[in-house]
Amino acid sequence: MIQHSPASRYLEVGDRLVKRGKFRKAAAVYARYADACVAEACLKIARTCVEQDPVSALKALAEVEKLTGVSKEGRKLSARAYQQLGQPEIAARFLAAGAH
């Protein structure tokens, strides 16, 4: 059984499309579901390693952004990672971007 998450909405929509015989649209929605699941896993990795391994956190956050776009949490985590790397100016830019 799949846990309920923000990504699970894609799964529900895909299932409804399959029931209506709209297989191409369902396949596209299922692909978005897969991307959202991977993005959630990468975000969890970033949260876990931002303090001890900020470079890995930034790599994970780049993957999240590639898959699902910019997020407020991603910007905050990026700022924390850059702080850990001794880059307060870059961190400040991410915080400013995340405030919008």
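One can find the structure itself at the top, above this paragraph.
Heads up: these notes are all about the structure in this document. (Residues numbered from 1 in each chain as written. Predicted model: local features only at pLDDT ≥ 70, side-chain atom pairs only at ≥ 80, totals over all residues. Heavy atoms only, no water.)

## Some thoughts on the overall build of the protein
Scanning the protein from terminus to terminus reveals 5 helices and 0 strands. Going from the N terminus to the C terminus, the protein shows its helices and strands as α-α-α-α-α. Relative to the compact-globule value of 13 Å for 100 residues, the protein shows a C-alpha radius of gyration of 16 Å, a clear excess of over 25%. Seen through its principal axes, the protein has C-alpha atoms that stretch 55 × 25 × 20 Å. Out of the 100 residues in the protein, the part that is buried amounts to 30%. Surface accessibility of the protein: about 6,800 Å² in total, with carbon and sulfur atoms responsible for 57%. Each charge class in the protein can be summarised by its mean position, and for the 17 positive and 10 negative side chains these summaries are 9 Å apart. (Helix = DSSP H or I, 4+ residues; strand = E, 2+ residues; numbered from the N terminus. Rg over C-alpha atoms; globule rule 2.2 N^0.38 Å. Buried < 20%, exposed > 50% of the residue type's maximum accessible area, 1.4 Å probe, protein only. Areas by Shrake-Rupley, 256 points an atom, 1.4 Å probe, with all protein chains shown as cover. Lys, Arg positive; Asp, Glu negative; His and termini not counted. Charge placed at Lys NZ, Arg CZ, Asp CG, Glu CD.)

## Notes on the pattern of salt bridges
Counted according to the given criterion, the structure contains 5 salt bridges. Where Glu51 meets Arg80, a salt bridge forms, and the shortest distance between an N and an O atom there is 2.5 Å. Taken together, the residues Glu51 in the loop between helix H2 (23-49) and helix H3 (54-68) and Arg80 in helix H4 (residues 72-84) connect sequence positions 29 residues apart. Between Lys66 and Glu63 there is a salt bridge, with the nearest N and O atoms lying 3.4 Å from each other. Of the two residues, Lys66 and Glu63 are both situated in helix H3; the distance of 3 residues between them amounts to about one turn of the helix. (Salt bridge = Lys/Arg side-chain N within 4 Å of Asp/Glu carboxyl O.)

## Quick look at the environment of Ala39
Residue placement: Ala39 occurs in helix H2. The sequence separation of Ala39 and Glu65 amounts to 26 residues, and the corresponding C-alpha distance is 7.9 Å. Setting aside chain neighbours within four positions, we find Ala39 in contact with Val64, Leu67 and Thr68. (Contact = heavy atoms within 4.5 Å.)

## Let's talk about the packing of H2 against H3
When two helices pack together, their arrangement is given by the angle between the helix axes and by the axis-to-axis distance. The interhelical angle for the contact between H2 and H3, taken along N-to-C directions, is 160°, at an axis separation of 8 Å. Between H2 and H3, the angle falls in the class roughly antiparallel. In terms of crossing hand, the pair formed by H2 and H3 is left-handed. From H2, Asp35, Ala36, Val38, Ala39, Cys42, Leu43, Ile45, Ala46 and Cys49 reach across to H3, where they touch Pro54, Ser56, Ala57, Ala60, Leu61, Glu63, Val64, Leu67 and Thr68. Of the residues contributing to the contact of H2 with H3, the split by class is 14 nonpolar, 2 polar and 2 charged. (Axes fitted to C-alpha atoms, helices over the stretch in contact; angles between N-to-C directions. Parallel < 35°, antiparallel > 145°, perpendicular 65-115°, else oblique. Left-handed = near helix turned anticlockwise from the far one by under 90°. Nonpolar A, V, L, I, M, F, W, Y, C, P; charged D, E, K, R; others polar.)

## Here's the deal with the nonpolar core
Counting residues in each nonpolar core, the largest one holds 13 residues, and the members touching the most others are Leu43, Ala46, Val50, Ala57, Leu61, Val64 and Leu77. Listed by contribution, the elements that provide at least two residues to this core are H2, H3 and H4. For Ala46, the contacting residues outside a window of four places in its chain are Ala57, Ala60, Leu61 and Leu77. (Core = buried A, V, L, I, M, F, W, Y, C linked by side-chain atoms within 4.5 Å.)

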